[in-house]
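What the coordinates show
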Amino acid sequence: MSDVTIVSLVIGGLLLVVIIGISCYGAVTLPAGARIPLHYGIGSYNNFASKTTGLIVWPAGGAVAFALLTAVSVHAIKPNHPGGGAPAIIMPIVLAIVAATQWGAISLAKRNAGARQE
């Protein structure tokens, strides 16, 4: 494996830990009846899941993305293969987007839960 792949795997693993940590933060700070926004695919916006489901789906999605992108990046990197580091560089970017989006979803759930309690 190249140095780019190893660094990408380490950063991706750390970002996956961050995603799990964000879910733990949400589990502690969100009220029991909170609804967490999820996006189920093309054309299905404004979906809200229960607190438990939402806090599990985000890290599960991050783990799936990590596994798929790891498989692609390790498989794509072959000796003398030009541009082989590109898949490895994509993984941390995707996981950083997942973490940022999850943080926004938790923030929205906190804001909506606070509005319902007033």
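The residue numbering used here restarts from 1 in each chain and proceeds along that chain's sequence as written. Whole-chain, interface and lining totals are the exception, using all residues; otherwise, since this is a predicted model, local features are given only for residues with pLDDT of at least 70 and side-chain atom pairs are given and counted only at 80 or more. Hydrogens and waters are ignored; side-chain quantities use all the structure's heavy atoms.

Let's talk about the overall build of the protein chain
Runs of E in the DSSP output that reach at least two residues are strands. Runs of H or I that reach at least four are helices, and both are numbered from the N terminus. Looking only at helices and strands, the protein chain has three helices and two strands in total. Along the protein chain, helices and strands appear, N-terminal first, in the series α-β-β-α-α. Think of it in three bands: residues with accessible area under 20% of the maximum for their type are buried, residues over 50% are exposed, and the middle band is partly exposed, with areas taken using a 1.4 Å probe on protein chains only. Looking at the 118 residues of the protein chain, the share that counts as buried comes to 34%. Residue contacts follow a heavy-atom distance rule, with two residues in contact if any of their heavy atoms lie within 4.5 Å. In the protein chain, of all internal contacts separated by at least 6 residues, the share reaching a separation of at least 24 is 69%. A total of about 6,900 Å² of accessible surface is found on the protein chain, and carbon and sulfur atoms cover 72% of it. For every accessible area listed, the method is Shrake-Rupley and the probe measures 1.4 Å; residues are considered covered only by the protein chains on display.

Considering the side chain of Thr70
Locating Thr70 in the fold gives a position in helix 2 (residues 51-76). What makes Thr70 buried here is its relative accessible area of 19%. Residues contacting Thr70, with those up to four places away along its chain left out, are Leu9 and Met91.

Here we look at the nonpolar core
By size, the foremost hydrophobic cluster in this structure holds 23 residues, and its most contacted members are Leu30, Ile36, Trp58, Phe66, Met91, Leu95 and Ile106. Counting only elements with at least two residues in this core, the list comes to helix 1 (3-29), strand 1 (35-38), helix 2 and helix 3 (86-117). The element best represented in this core is helix 3, accounting for eight residues. If near-sequence neighbours (up to four positions away) are discounted, Trp58 is found in contact with Ile19, Ser23, Ile36, Pro37, Leu38, Val98, Thr101, Gln102 and Ala105. Within this scheme, the nonpolar core is defined by two criteria: the residues are buried Ala, Val, Leu, Ile, Met, Phe, Trp, Tyr or Cys, and they are joined through side-chain atoms within 4.5 Å.

Observations concerning the packing of aromatic side chains
Aromatic pairs are defined between Phe, Tyr and Trp rings, using the six-membered ring for Trp, whenever the two ring centres lie within 6.5 Å; interplanar angles under 30 degrees are classed as stacked, those over 60 as edge-to-face, and all others as tilted. For the structure on display, the rule yields one aromatic pair. Taking the centre distance of 5.2 Å and the plane angle of 25° together, the rings of Tyr25 and Trp103 count as stacked. In this pair, Tyr25 is assigned in helix 1 and Trp103 in helix 3, connecting sequence segments 78 residues apart.

Here's the deal with helix 1
An α-helical segment advances 3.6 residues per turn. Residues three or four places apart therefore align on the same side. An expected span of 1.5 Å times one less than the residue number is assigned to each helix. End to end, helix 1 covers 39 Å across 27 residues, agreeing with the expected 39 Å (1.5 Å per residue, within 8%). Within helix 1, burial applies to Thr5, Ser8, Leu9, Gly12, Leu15, Leu16, Ile19, Ile22, Ser23 and Gly26.

So, a nonpolar patch on the surface
Note that patches include only residues with greater than 30% relative accessible area and no salt bridge, and the join distances are 9 Å for like charges and 5 Å for nonpolar side chains (Val, Leu, Ile, Met, Phe, Trp, Tyr). By salt bridge we mean one thing: a side-chain nitrogen of Lys or Arg within 4 Å of a carboxyl oxygen of Asp or Glu. Where nonpolar side chains cluster on the molecular surface, the patch consists of Val4, Ile89, Ile93 and Ile97 and spans about 360 Å² of accessible area. At three residues, the largest contribution of residues to the nonpolar patch is made by helix 3. The topology assignment puts Ile89 in helix 3. For Ile89, a relative accessible area of 48% gives the class partly exposed.

Quick notes on the confidence of the model for the protein chain
Per residue, pLDDT measures the predictor's confidence, with a range of 0 to 100. Averaged over all residues, the pLDDT of the protein chain is 84; the fraction at 70 or higher stands at 80%. Within the protein chain, helix 3 has the poorest average pLDDT of any element, 85, and helix 1 the best, 92.

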